Each structure stands twice: as structure tokens, then as C-alpha cells.
Amino acid sequence: MYPTLRFADPTWPETVTEELARFAAEVEDELVEAERVGRFPVEVYEEMGRRGWVGPFTPVSHGGLGGGIAEYCLIEEEVGRHGLVAPQVSAQGQRWLLDWGTDEQRDRYLDGMARGKIIFSESISEPGAGSSLRALRTTARRDGSDWLIHGEKTHVNLGHQSHVTLVYAAADEGMTAFLVDTSLPGVSSVQTEPIGLRLMPTADMTFDQVRVPADAVLGEVGRGMDTFFSTFNVSRLGNASELIGFGRRAMHLGVTYARDRHVGDSRVTDFQGIQWLVAESYERLYSASLARDHAANLADRGEEHAMETTMAKKLAIGAAEYAVNEVFSLVGGHGLYRDREYARLIQDTKVLRVAGGSLEVLRNYVARSVLRSERLGGLT
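Each residue is numbered by its place in its chain's sequence as written, counting from 1. Only residues with pLDDT of 70 or above have their local features reported here, since the model is predicted, and side-chain atom pairs are shown and tallied only from 80 upward, although totals for entire chains, interfaces and linings are computed over all residues. Side-chain figures throughout are based on the complete set of non-hydrogen atoms in the structure, without hydrogens or water.

(A) Up close: the environment of Ala140. If you trace the backbone, Ala140 turns up in strand S2 (residues 139–143). Along the sequence, Ala140 and Ala177 sit 37 residues apart, while their C-alpha atoms lie 9.5 Å from each other. Leaving out residues up to four positions away in the same chain, Ala140 has contacts with Trp147, Leu148, Ile149, Ala169, Ala170, Ala171, Asp172 and Phe178. Only DSSP runs of H or I covering at least 4 residues are called helices, and only runs of E covering at least 2 are called strands; the numbering of each starts at the N terminus. A contact between two residues is defined here by any heavy atoms of the two lying within 4.5 Å.

(B) Just the pattern of salt bridges, in detail. We count a salt bridge whenever a side-chain nitrogen from Lys or Arg sits within 4 Å of a carboxyl oxygen from Asp or Glu. All chains considered together, the criterion is met by 28 salt bridges. A salt bridge links Arg211 to Asp143, with the nearest nitrogen and oxygen atoms 2.7 Å apart. Remark: Asp143 occurs in strand S2 and Arg211 occurs in strand S7 (residues 203–212); sequence separation between them is 68 residues. With a relative accessible area of 40%, Arg211 lands in the partly exposed category. Overall, the relative accessible area of 30% leaves Asp143 in the partly exposed class. Between Arg198 and Glu193 there is a salt bridge, and its shortest N-O distance comes to 3.0 Å. Exposure remark for Arg198: the relative accessible area of 14% places this residue in the buried category. The network of salt bridges with shared partners includes Glu77, Glu78, Arg81, Arg248, Arg292 and Asp293. When a residue's accessible area, from a 1.4 Å probe over protein chains only, is under 20% of the maximum for its type it is buried; when over 50% it is exposed; and in between it is partly exposed.

(C) Structural view of the packing of helix H7 (residues 224–260) against helix H9 (residues 306–331). Axis angles are defined between N-to-C directions and span 0 to 180 degrees, where every axis is a line fitted to C-alpha atoms and, for a helix, only to the segment in contact. Their axes nearest at 8 Å, the elements H7 and H9 cross at an angle of 20°. By the criterion of interaxial angle, the relationship of H7 to H9 is roughly parallel. Considering how the two elements wind past one another, H7 and H9 form a crossing that is left-handed. When residue character is reported, Ala, Val, Leu, Ile, Met, Phe, Trp, Tyr, Cys and Pro are called nonpolar, Asp, Glu, Lys and Arg charged, and the others, Gly included, polar. Here the contact of H7 with H9 is built from residues that sort into 19 nonpolar, 6 polar and 2 charged. For classification, angles of less than 35 degrees are called roughly parallel, those exceeding 145 degrees roughly antiparallel, those between 65 and 115 degrees roughly perpendicular, and all remaining angles oblique. Whether a crossing is left-handed or right-handed is set by the direction in which the near helix is turned from the far one by less than a right angle, anticlockwise for left-handed and clockwise for right-handed.

(D) Up close: the packing of helix H4 (residues 69–82) against H7. Look at H4 against H7: their axes get within 7 Å of each other, and the N-to-C directions meet at 35°. In this structure, the crossing between H4 and H7 has a hand that is right-handed. Contacts between H4 and H7 involve Ile69, Tyr72, Cys73, Glu76, Glu77, Glu78, Gly80 and Arg81 from the first element and Val234, Ser235, Leu237, Gly238, Ser241, Glu242, Ile244, Gly245, Phe246, Arg248 and Arg249 from the second. For the contact of H4 with H7, the class distribution of residues is 7 nonpolar, 5 polar and 7 charged.

As C-alpha cells, this is what we get:
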């Protein structure tokens, strides 16, 4: 469901969606077991990297697909639709390196990340700080030509599995981002148990006076806010796309079941109330897709897109939550068992309601943007 995304190769979407669907069917049993126990399916992930799906906008010369934001959105949506392990965190890291990394940093990490060989994580949230970077307490202080990083991070997807993590820390010059190899002395992690997105386990991470060289800084010292928001304004489109994929999956499962389920002489889908529910679910997902497509096309053209990206994720949250909640009216008791996908879809959707910008944070941003504008965000 990507009605107005603009692809460099118009034939590519049909080809890759068919390939993703076939691959998901081949590894379905492995993914079901990994999701049940909360395990990162590294072999599946590496195969996705070999096929270019982990590095959608990273150049071919650095191991990626060489596409744009449109290709990124399509892959994330189809991954969500088929229950595959998402390349979202790595794609976010690759975006950081492409936008802010030095040639040496790109040469060291980018190819391996795009191919699924180097596992990346981002160490941002802390036990006492989530959406506000200014509240972060992890510190970075100079020690000769090196830096010493000290603090704790939480909600780190793939923190326990990652080879490199991007740490945001407060330096005297301001918030600064550091690429930290997780094998360094003083880095430790404990895997935690999220309710959803269990193919991408979370971790609590500790940085105990971790010494990193000056060339570990991503971007410029003191410009962590700039690096953060420039990348998140793109990566939220990945979140939005995955949410749309969840909603599409819920609709597909529900409608397929309800078409063949009889109540007396009627099928479930013969009832008007059910038909209205199907219409509402479809319309919300379609609207979210249009908003996502518009934001992605702006990003691909290099135009300002922060407002559009924020609205796209906000609409995708609403559309996905409606679809995965209301599908129970289509399937009834059939959906109440753990060996079916409905509970997982709810839990995965709840995680993405928060990750990458909670619904409340998104609302605040849209409101502030509208109130600051003399044209009310283009509405008048």
C-alpha cells in the first residue's frame, strides 16, 4: 500500500515485494520460534543483508541497495506485513553515517552494516530520560586526545547483540554523538524483555568510563541535537511504514478468515457493521500511506519534511492501532490464542506507538509547528 511513492525503477516494487513474500514464507518457522523466545534471528538478518534489504539507501559501493527513501519505506512496510526482522535500526545508523560520518567511519562500518554483518544499535534513552535529550545524564569528558564516556542507557534495540552503538552524551560543548565499539573495556549490556518487536530484543547498557578516540565523534562536538533530528526526521518514515504493514497484515488475516466464517446462513462479511469496520480500516491505512508517501517524496527531493514526517507517523499509529484492535470483530474467539498472530500485532504496534517519537511527542510537534506558522501550516 504505497499509492504515490516515486521509485527510480518503476518495476522494482513488484519484484521486491514478491521476493520478500517468498523469503518470509521460507523462514516463517524460524521467525515464529525466535519471536516466542525473544531472540534476534541473525541468520535471517544476514540473508536480508545479502539481498540488499538492510541497506536500502546506502550506495552499492558500500554494500547497500543504492535506493532512496521510497525504497526504504517499501521495504519497512513489507517487512511489517510479513513479520520479518526489521532493518530499521541499522538503516537509521547508515543514515547517520551517510549524513554525518567521516570517510574513515563510513569505510569502517557502512559496508558491514548494509550487508547485515555489523550489528548496530543506538544508545539514546536513559532510565530517567526518554524524549528529552537535554535531560540525558550520560557524560563525555576529554582526557588528552581521547574521550571518557560514563552513564547508563535503556531501551537499546540489539544493544546486547551489537558490534557498535551510537551513544549520545553530554560534553562541555553540548550534546555529542559517539560511535562506540561494544567490545571496549567498560561497555556492558543486559538483555531485557519487551512486549513486542521481540525479534529486535532490547537491552540496558552501561558505559563505565569508556575510553574512545577523538575520531569516534559522529559529526561535530556539541552538535548532537543536529545529528539526532536530521536522522530521526527520516527514520520516522520507517516506523510509519512498519506500522502500516502491521495494519495491512491484520486486515488480510481478518478479512480472509471472515469471508469463510458463517453465522447461520450468512458470512461474517455479509453484516453491514463488519463492512463498515473493513472500510474504516482500509481508509485509515490508505490515508496514512498517502501522508507517508508525500513525506518520503519530499525527503528524496531534499526538501524540508520534518512536519510531514511527523504527521505521517502520527497517522500511521492511529491507522495501525485501529486495524489491529478492530480485527477481533472479524475473527472473534479465533484471535484469542498465542499460536496466532493477532496478539503479536497488537504488541508490536504498541512498541512503535512509543519508539521513534511517541504519539504525544508527535502531537506536540505538530501543534507547535502550526501555532508558529502565520499560515496555520498551509491550511489557510
